[in-house]
Amino acid sequence: MSTQSPDRRNRPRRLRANPAVRALAAETRVHPGDLVLPVFVKEGLTTPAPIASMPGVVQHSRASLRAAVEQAADAGLAGVMLFGVPLVRDATGSGATDPAGILNVAIADAVAVARGRLVVMADLCLDEFTDHGHCGVLRVGPDGELVVDNDATLDRYVEMALAQARAGAHLVGLSGMMDFQTGVVRDALDEAGFGDVLVLAYAAKYASAFYGPFREAVDSTLVGDRKTYQMDPANRREAAREVAADVEQGADVVMVKPALAYLDVLADVAASSSVPVAAYQVSGEYAMVEAAAANGWIDRRRAIEESVVSIRRAGADLVLTYWATELAGWLREPAAIPAGGAR
Ligand code: PBG
């Protein structure tokens, strides 16, 4: 074969020859400012409690939450997303709208620690606060079965949004997948003088098995599933409908969730969205990597870095990940030069 053929001039490997050249050729980067740390805070704890299915993640006490927010700010993260775990639950999720409820006091704690260095985000959903574990309030349906009542739930979301805004939340994260949730919350915030509070809409949130460990993280009481309000994993086109509705209703950020199993959806949304796009690398995605790494079956750090850069490559501006603070620390280290071995 001729050494001068055009084919032989086109050598993709030149751009992979060493770390410096690979850095030059990298199409996607991950920066601490792209990352958001989800955190759990449980009422009544004096020390953090481990979550067995999410090794390395804890249910925080108020004090340990403040320390985690401080670390997140030091690491340069974009934000923290707070989830509250109350001790007492009821049918309407009263704890979510109580100014002394765990999530609302934790928001104030986080805002005080953050001092404007990162965005304090609050999960806006009833599932942690209801005794039945659903994201909304229930009513009796036509066949005598219990169903999640969309419009009655909206009233509760409005009250919850106002409680979170009064606690100082910079952003409310609507994760309940009720129709019209973004618009009613946007209007209520504006009317109450909270026009600066951002709304992140979990626009394309799928009914996913990958939320499994999260149920332990929030001591969930849910029996059954959320298939009447969260999206069917079979659907791609429908995500565009959800995103369009949320943007039209005033969403400042839209989210796709879970992340890794939905990169096609994420790429679609990123290509068409007029607002920033977030993706949530959920509890099951975390647990799978941690479990395989603990068994020595995969390289933990490489798997984490690869998964997050893949979510960014698919188009996410922001990635919610339980590894956010740890990953941000690695991103600050200079690239390691591997010693020995062929390359
Ligand atoms: C609902 C909510 C869930 C998660 C975030 N918000 C659970 C669900 O919808 O069933 C899951 C997050 C994760 O798995 O990491 N408030």
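Read on for a plain summary of the structure. Residue indices follow the written sequence of each chain, beginning from 1 at its first position. Side-chain atom pairs in this predicted model are given and counted only at pLDDT of 80 or more, local residue features only at pLDDT of at least 70, and totals for whole chains, interfaces and linings cover all residues. To get the side-chain values, take all heavy atoms of the structure and skip hydrogens and water.

Considering the site of the ligand
1) Next: Here a residue is considered near a molecule or strand provided that any single heavy atom belonging to it is located within 4 Å of it. The local shell around the ligand holds 17 residues, among which Arg215, Arg226, Lys257, Ser283 and Tyr322 are the closest.
2) Next: Here an oxygen atom of the ligand and a side-chain polar atom of Gln230 are 2.8 Å apart.
3) Next: Between N or O atoms, a polar contact is any pair within 3.5 Å; within protein, one atom must be a potential hydrogen donor and the other a potential acceptor, and residues adjacent in sequence are included only when both atoms are from side chains. Interatomic distance of 2.5 Å between a side-chain N/O atom of Tyr322 and an oxygen atom of the ligand.
4) Next: Methods summary: accessible areas were calculated by the Shrake-Rupley approach with a probe of 1.4 Å, and residue burial reflects only the protein chains presented. Relative to its unbound accessible surface of 400 Å², the ligand loses 100% to contact with the protein.

A few points about unusual backbone geometry
Trans peptide bonds make up the majority, and among non-glycine residues the majority have a negative phi.
1) Next: The omega torsion across Lys257 and Pro258 is -10°, close enough to zero to call that bond cis.
2) Next: Tracing the sequence through the fold places Pro258 in the loop between strand E10 (253-257) and helix H9 (263-272).
3) Next: You will see that Phe180, though not glycine, has its phi angle at about 70°, which is positive.
4) Next: Under the DSSP-based scheme used, a helix requires at least four consecutive residues in state H or I and a strand at least two consecutive residues in state E, with every element numbered from the N terminus. Structurally, Phe180 can be placed in the loop between strand E8 (171-174) and helix H6 (181-191).

Structural notes on a positive patch on the surface
1) Next: Candidates for patches are residues over 30% relative accessible area with no salt bridge; among them, like charges are joined within 9 Å and nonpolar side chains (Val, Leu, Ile, Met, Phe, Trp, Tyr) within 5 Å. By salt bridge we mean one thing: a side-chain nitrogen of Lys or Arg within 4 Å of a carboxyl oxygen of Asp or Glu. Counted as positive: Lys and Arg. Counted as negative: Asp and Glu, with His and the chain ends omitted from the count. A charged residue contributes its charge at one atom only: NZ of Lys, CZ of Arg, CG of Asp or CD of Glu. Taken together, the side chains of Arg8, Arg11, Arg13, Arg14 and Arg16 present a region of like positive charge at the surface.
2) Next: Tracing the chain through its elements places Arg16 in the loop between helix H1 (6-9) and helix H2 (19-25).
3) Next: Three labels apply to residues, based on accessible area from a 1.4 Å probe with only protein chains included: buried if under 20% of the type maximum, exposed if over 50%, partly exposed otherwise in between. For Arg16, a relative accessible area of 52% corresponds to the exposed category.

Some thoughts on the environment of Pro99
1) Next: Here Pro99 is to be found in the loop between strand E4 (79-85) and helix H4 (102-114).
2) Next: Given the relative accessible area of 66%, Pro99 is considered exposed.
3) Next: Between the C-alpha atom of Pro99 and that of Ala163, which follows or precedes it by 64 residues, the distance is 6.2 Å.
4) Next: Contact definition: two residues touch when any of their heavy atoms are within 4.5 Å. Residues in contact with Pro99, not counting those within four places in the same chain, are Asn104 and Val105.

Re the packing of helix H11 (residues 300-314) against helix H12 (residues 324-332)
1) Next: A fitted line through C-alpha atoms serves as each axis, taken over the contacting stretch for helices, and the angle formed by two N-to-C directions is quoted from 0 to 180°. Between H11 and H12, the least distance of the axes is 11 Å, while the angle of their chain directions is 95°. As summarised for this structure, H11 and H12 are arranged roughly perpendicular, according to the angle between their axes. Across the interface between the two elements, Arg300, Arg301, Ile304, Glu305 and Val308 from H11 touch Glu326, Leu327 and Trp330 from H12.
2) Next: Amino acid classes used here: Ala, Val, Leu, Ile, Met, Phe, Trp, Tyr, Cys and Pro are nonpolar; Asp, Glu, Lys and Arg are charged; the rest, including Gly, are polar. Residue classes in the contact of H11 with H12 are distributed as four nonpolar, no polar and four charged. The cut-offs work like this: below 35 degrees is roughly parallel, past 145 is roughly antiparallel, 65 to 115 is roughly perpendicular, and the gaps in between are oblique.

Side note on the packing of aromatic side chains
1) Next: Note on aromatic pairs: the rings of Phe, Tyr and Trp (six-membered ring only in Trp) are paired at centre separations within 6.5 Å, and the planes decide the class, stacked below 30 degrees, edge-to-face beyond 60, tilted for the rest. What the rule picks out here adds up to nine aromatic pairs.
2) Next: Look at Tyr206 and Tyr262: their rings are 4.3 Å apart centre to centre, the planes differ by 20°, and that puts the pair in the stacked class. Of the two residues, Tyr206 sits in the loop between strand E9 (198-205) and helix H7 (212-217) while Tyr262 sits in the loop between E10 and H9, which places them 56 residues apart along the sequence.
3) Next: Since its relative accessible area comes to 7%, Tyr262 is described here as buried.
4) Next: Here a set of aromatic residues connected by ring pairs shows up, and it is made of Phe40, Phe83, Tyr202, Phe214, Tyr280, Tyr286, Tyr322 and Trp323.

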